[in-house]
Amino acid sequence: MVEVQLAGRDVRDEKVLETFLQIPRELFVLEKYRYSAYDDSPLPIGYGQTISQPYMVAKMTEILNLHKNDILLEIGSGSGYQAAIASRLCKFVYSVELVPELAEFARNNLEKAGIDNVEVICGDGSIGLEEFAPYDKIVITAAIEEVPLELFDQLKDGGCIVAPEGPRYTQQLVKYEKINNEIVKEVYFGCVFVPLRGEKGFKE
Ligand code: SAH
């Protein structure tokens, strides 16, 4: 998976590649998909949601450019896999999940992987997570029409937000950097994510 799907494409960050070798994706998929754990695709995790494609997790992590003292906010815990990968590259991850059963699934998976610097919080992450703000970096792992303003308020200066932004069925992976309190946007490539729900998310 690492050699072909990640390094074989354009994932260049050695620390990111190394982290994928340390964290078994099979711990984050449903039992019945274990044989597909290293496939080049998202997989169902129940409740209409998916664990993202490994390449997508790698690119988002690479773009976040995590540092060892960073506090990261993830919106959409799902299986906990993205949080697990990120946790190895930063200090602490707060991860918000809307579906209570998935929040529990993510917590269990993270525990199985022996990860103790991620806290999964059940709630609506479409308005961010005021409680522990500000964050060094924020990653949204579900599609959002436009990154909500609340998230920019919860981001430290010098930090960035990485998200799949756009209409319901086709988004672009984007990064917003907050530099001297100005926002600079960079667009990467087209992608399709499950929709973010909640107050600032998609309604249908
Ligand atoms: N990062 C995950 C993939 C997430 S899929 C992984 O590595 O497996 C997107 C997740 O976002 C789903 O679990 C979905 O339930 C969750 N979600 C959707 N709307 C949300 C919201 N408003 N707040 C928090 N989580 C949300």
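Residues numbered from 1 in each chain as written. Predicted model: local features only at pLDDT ≥ 70, side-chain atom pairs only at ≥ 80, totals over all residues. Heavy atoms only, no water.

Once that is clear, we can look at the pairing of strand β8 (residues 171–179). Taken together, the six bridges between strand β7 (residues 155–165) and β8 define a ladder with antiparallel strand orientation. When the bridges of β8 are listed, Ile161 appears paired with Tyr176. The turn linking β7 back onto β8 is made up of five residues, and Gly166 within it adopts a positive phi angle of 145 degrees. Hairpin connection, β8 to strand β9 (residues 182–191): the antiparallel pair is bridged by two residues, and Asn180 has positive phi, about 50 degrees. (Pairing = 2+ DSSP bridges. Helix = DSSP H or I, 4+ residues; strand = E, 2+ residues; numbered from the N terminus.)

Turning our eyes to something else, we now look at the UniProt feature "active site" (unreviewed entry) in the protein chain. The UniProt record marks Ser52 with the feature "active site" (unreviewed entry), using the residue numbering of this structure. Note that Ser52 resides in the loop between β2 (49–51) and α3 (54–64). Leaving out residues up to four positions away in the same chain, Ser52 has contacts with Arg25, Ser41, Pro42, Val57 and Phe193. (UniProt positions renumbered as here; feature names shortened; annotations may be inferred. Contact = heavy atoms within 4.5 Å.)

Turning next to the side chain of Ser87. Considering the arrangement of structural elements, one finds Ser87 in helix α4 (residues 81–87). Within the local environment of Ser87, its side chain forms a polar contact with the backbone oxygen of Ala84, the two atoms lying 2.7 Å apart. Filtering out sequence-adjacent residues up to four positions away, Ser87 remains in contact with Val93, Ile115, Asn117 and Val118. (Polar contact = N/O pair within 3.5 Å; in protein donor to acceptor, adjacent residues only side chain to side chain.)

This brings us to the site of the ligand. Residues in contact with the ligand amount to 26 residues; listed here are only the nearest, Ser79, Glu97, Asp124, Gly125 and Arg197. Interatomic distance of 2.6 Å between a side-chain N/O atom of Ser79 and an oxygen atom of the ligand. Between a nitrogen atom of the ligand and a side-chain N or O atom of Thr141, the distance comes to 3.1 Å. Elements that contribute at least two residues to the shell around the ligand include exactly β2, α4 and β4 (92–97). It is β2 that provides the largest number of residues to the shell around the ligand, a total of three residues. A breakdown of the residues in the shell around the ligand according to their chemical character gives ten nonpolar, twelve polar and four charged. (Near = heavy atom within 4 Å. Nonpolar A, V, L, I, M, F, W, Y, C, P; charged D, E, K, R; others polar.)

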